[in-house]
Amino acid sequence: MSESARSHASVGSLAGDAVGVVVDGQTYKNLLYLTLAFPLGVLYFTLLVTGLSLGAGLLVVGVGALVLLATVGVVRYVAAFERRLANGLLGTDIRGYADIQSNDDGLVATAMAYFRASSTWRAVGFIMAKFLLGSLSLVALFTTLGVSVDLALTPVFPEALGTQVNGWEVAGGLETAPEQAAGGAAGVVLGFVSLHALNGLARVNAAAAAALLAPDESETSG
């Protein structure tokens, strides 16, 4: 193959990759995960902060210990759910924690083992990361897809969405037909770029889940 042919093939491959994001089913799984990230992140963070603060405040009357242990249970349930969610939507293959072995030492001893387990606190770290990444996902979805869709629809529906960013109405200044056509073309291009950027953000979420929800090396080697 000549150098020119290889160059054309490379350009064609890059173009195919750029456009192929629209027909890739994983893209829409990623978008669903990112859409769920903010409400789930807020829910987890609220449960965690409420449980820890309430439990710590009630320790003096003895009930706080039960609240803290219940919070630990919720945290580990969240980790298990998020593991399944990441495996199902982000294409990860994250196995469950393996640092707690079932035993017959009683409920209290088992509960304390969960409380002391490093995996529990890695799950707490994941909840904190989920809250931050969920907030970032919300902003990214709105400022990328929202703007691109609004611009793309401008030639047909000039005021379809009325998307605003920091008080700036995205399609508000596009009044003439040529301006709206140019805005529509820009919206289509931005849409492709947005999908690639959001796929990248989904990969960041997948990396965080793999780092904090999987067994660590000592558990694996054990």
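This text follows the structure it describes.
Below you will find a few notes about this structure. (Residues numbered from 1 in each chain as written. Predicted model: local features only at pLDDT ≥ 70, side-chain atom pairs only at ≥ 80, totals over all residues. Heavy atoms only, no water.)

### Considering the packing of helix 2 (residues 25-57) against helix 5 (residues 118-153)
- Orientation of helix 2 relative to helix 5, taken along the N-to-C sense of each, is 140°, at an axis distance of 7 Å. In terms of orientation, helix 2 and helix 5 fall into the oblique class. Viewed along their axes, helix 2 and helix 5 form a crossing whose handedness is left-handed. Across from L31, Y33, L34, T35, A37, F38, L40, G41, V42, Y44, F45 and L48 in helix 2, the residues of helix 5 making contact are V124, F126, I127, M128, K130, F131, G134, S135, S137, L138, L141 and L145.
- Of the residues assigned to the contact of helix 2 with helix 5, the class counts are 18 nonpolar, five polar and one charged. (Axes fitted to C-alpha atoms, helices over the stretch in contact; angles between N-to-C directions. Helix = DSSP H or I, 4+ residues; strand = E, 2+ residues; numbered from the N terminus. Parallel < 35°, antiparallel > 145°, perpendicular 65-115°, else oblique. Left-handed = near helix turned anticlockwise from the far one by under 90°. Contact = heavy atoms within 4.5 Å. Nonpolar A, V, L, I, M, F, W, Y, C, P; charged D, E, K, R; others polar.)

### So, helix 3 (residues 63-89)
- With 27 residues, helix 3 ought to run about 39 Å at 1.5 Å a step, and its terminal C-alpha atoms sit 39 Å apart, in line with that.
- Two residues or fewer past helix 3, G91 is found with a positive phi of approximately 75°. (Expected span 1.5 Å × (residues − 1).)

### Structural notes on the nonpolar core
- Counting 22 residues, the largest nonpolar core has Y33, V75, L90, I94, I127, A209 and L213 as its most contacted members.
- Contributing elements (two or more residues each) for this core: helix 2, helix 3, helix 5 and helix 6 (177-213).
- Top element by residues in this core is helix 3. It accounts for six residues.
- Excluding residues within four positions of it along the chain, I94 makes contact with R83, A86, N87, A209, A210, L213 and A214.
- The next biggest cluster of nonpolar side chains, apart from the first, holds eight residues, and it includes L31, A140, L195 and L198. (Core = buried A, V, L, I, M, F, W, Y, C linked by side-chain atoms within 4.5 Å. Buried < 20%, exposed > 50% of the residue type's maximum accessible area, 1.4 Å probe, protein only.)

### Description of the pattern of salt bridges
- In the structure shown here, the tally under the stated rule is one salt bridge.
- Between K130 and E82 there is a salt bridge; the shortest N-O distance is 3.1 Å. One end of the pair, K130, is in helix 5; the other, E82, is in helix 3, with 48 residues separating them in the sequence.
- You can call K130 buried: its relative accessible area is 2%. (Salt bridge = Lys/Arg side-chain N within 4 Å of Asp/Glu carboxyl O.)

### Some remarks on the packing of aromatic side chains
- Scanning the entire structure with this criterion turns up two aromatic pairs.
- Between F45 and F131, the aromatic rings sit 4.4 Å apart at their centres with planes inclined by 20°, giving stacked as the arrangement. Taken together, the residues F45 in helix 2 and F131 in helix 5 connect sequence positions 86 residues apart.
- On the basis of relative accessible area, F45 is assigned to the partly exposed category, the value being 25%.
- Between F115 and W121 the ring centres are 5.5 Å apart and the planes differ by 85°, which places this aromatic pair in the edge-to-face class.
- Taking relative accessible area as the criterion, F115 reaches 27% and is therefore assigned partly exposed. (Phe/Tyr/Trp six-rings, centres within 6.5 Å; stacked < 30°, edge-to-face > 60°.)

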